[in-house]
Amino acid sequence: MSTEVKGWVNARRIVGGIVFLEVIPSVSIKPVTVVIKKSENPEAWKIAKRIKVGSAVRVYGEYVLEGKSKRGIEFIPSCIEVLSTPRDALPYDPLGKTPVLFDTKIKYRYLMLRTPKERALFRIRATLLKYARRFLEEKGFLEVQTPKIVGAGAEGGATLFKLDYFGRQAFLAQSPQLYKQMLMSSLTGVYEITPYFRAEQHHTTRHLNESWGIDVEMGFIEGMEDVMKVLEELVIYVIKNVRNECSEELEQLGVDLTVPRTPVPRISYEEALNLLEKEGCQVKWGLDLSDRDEKKLGEIMLEKGYELYFITNYPWAIKPFYVMREGAELSRSFDLDYRGIEICSGGQREHRYDRLIENMKVKGLNPEDFNFYLDAFKYGMPPHGGFGLGVERLLMKMLRAENIREVILFVRDIHRLVP
Ligand code: ATP
Ligand code: MG
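Overview of the structure. (Residues numbered from 1 in each chain as written. Chains lettered and ligands numbered in written order. Predicted model: local features only at pLDDT ≥ 70, side-chain atom pairs only at ≥ 80, totals over all residues. Heavy atoms only, no water.)

Details of the sheet that holds strand β5 (residues 73-84)
Put simply, the rule is: The pairing criterion is simple: DSSP has to find at least two bridges between the two strands. Numbered from the N terminus, helices here are DSSP runs of H or I no shorter than four residues, and strands are runs of E no shorter than two. Axis definition: a line fitted to C-alpha atoms, over the contacting stretch in the case of helices. Angles run 0 to 180 degrees between N-to-C directions.
Here five strands make up a closed barrel; going around it, the order is β1-β2-β3-β5-β4 and the pairing mixed. Taken pair by pair, the neighbouring strands of this sheet meet at an average axis angle of 55°, ignoring direction. Here strand β3 (residues 32-37) runs beside β5; their pairing, made up of three bridges, is parallel. What sits directly across from T33, in β5, is E74.

Structure follows, in structure tokens:
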């Protein structure tokens, strides 16, 4: 049956009277080999012989029945249309024989999506989000969108991007925290797939200045265990479905994606310090775990057979004001770590108006600045909790990428504002 292939020429080979064009079509990760014989189609052959690598083409013709070809999917054209010829040589080797510099890859990401590897990666990213959404929809959460230009931050002043809003100070949203909580005054469960803007000062392999989160907030909870259960199920569901649906993509990337062992263990902050101490890492009680400690804990847990684990009940002093206290020193909070790096933070929130104001004062914040948020707590706010799951953090660990920049199309970091 006659059909068409639209795409770009990644390679051209001429062998005697035959031209082979390797075309990467639409969104598939499998290239198509267009075979043009001079003896069969002299017209098309004349065009094909002169086609430059990098050209955009539309080819009409027929697929060779599977099983016949050794070169992958073959296509015999009746007619070739060259839609656009490149002005310059491609800035990377389209056959992937010469390794691409990391900087080049990030700069020309949009172009490198013509290569099977980059396509595979971003198809996995899309699949991850598709299943996250599907899971949350099935659980009855309502998808919402909250503002990204805001008047107050939630996660600490140091990482706020400031901007001028008609003469007033505004910020880019670091997270939807305050808004998703406000919605708990009227909805029992919401989620948002959203960018986070953070002026991270350090150049690390796990921080971006614009990253994406899957944010969930749920009301009428008994405690933070309800929240952890949803998170755990979500992450396992996503990994299982990516594993099933993206086997070709994972193979293309050489990744063996294993489904983490369940139930996901819950280690308290206290226990985490003890485990680290046994391995010779001293962490002073009350401090956050450093990158090194997190990594070490990842090794300890992996030895026990766990890739995914919760660290619960951090000291309240190192958590934001909205986190509910647990006793005098601790908090109803958790992190979810995946092979030695934090991929998610969450917990139960303080829903009691007076205590929330008290918490703000202790953290040195002026409640007046948060009136718009506090108002939501005056009219029957139920107990609630939620989490913010980092899309790139989850994806980089699933794919065993060394650098978070690998898994986002257009990187925003200290050095990159374009493309
Ligand atoms: P970290 O301590 O690792 O910098 P955080 O505790 O400041 O992260 P949270 O405020 O807990 O981050 O945000 C929720 C989740 O969003 C994190 O667990 C992480 O997965 C992701 N995240 C936060 N900041 C960034 C960032 N700058 N780049 C990429 N992902 C991020
Ligand atoms: Mg965190």
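With respect to the sheet that holds strand β10 (residues 189-197)
Which entries qualify depends on this criterion: It only takes one pair of heavy atoms within 4.5 Å for two residues to be counted as in contact.
The strand order β6-β10-β11-β18-β17-β16-β13-β12 describes an open sheet built from eight strands, whose pairing is mixed. Each edge of the open sheet is held by one strand with a lone partner, namely β6 (142-143) and β12 (266-268). Of the pairings in the sheet, the one linking strand β17 (residues 341-348) to strand β18 (residues 384-390) comprises five bridges and is antiparallel in character. Across the sheet, residue G347 finds its bridge partner in β18, namely G386. Across the sheet, helix α4 (residues 116-138) lies against β6, β10 and β11 (210-219), angled at about 10° from β11, the strand it touches most. With respect to the sheet, helix α12 (residues 391-398) is in contact with β11, β16 (333-338), β17 and β18, its orientation differing from that of β17 by roughly 135°.

Observations regarding the site of ligand 1
Here is the rule we go by: Near residues are defined by distance, with any heavy atom within 4 Å of the molecule or strand qualifying the residue. What qualifies as a polar contact is a pair of N or O atoms within 3.5 Å, subject to a donor-acceptor requirement within protein and to the restriction that residues adjacent in sequence count only when both atoms come from side chains. Only the protein chains shown count as covering a residue, and every accessible area follows the Shrake-Rupley method with a 1.4 Å probe.
The environment of ligand 1 is made up of 16 residues, and the closest members are E200, H207, L208, E342 and I343. Side-chain polar atom of H207 to an oxygen atom of ligand 1: 2.5 Å apart, as the coordinates give it. Between ligand 1 and L208 there is a distance of 2.9 Å, counted from a nitrogen atom to a backbone nitrogen or oxygen. When the free accessible area of ligand 1 is taken as 590 Å², the share hidden by the protein chains comes to 84%.

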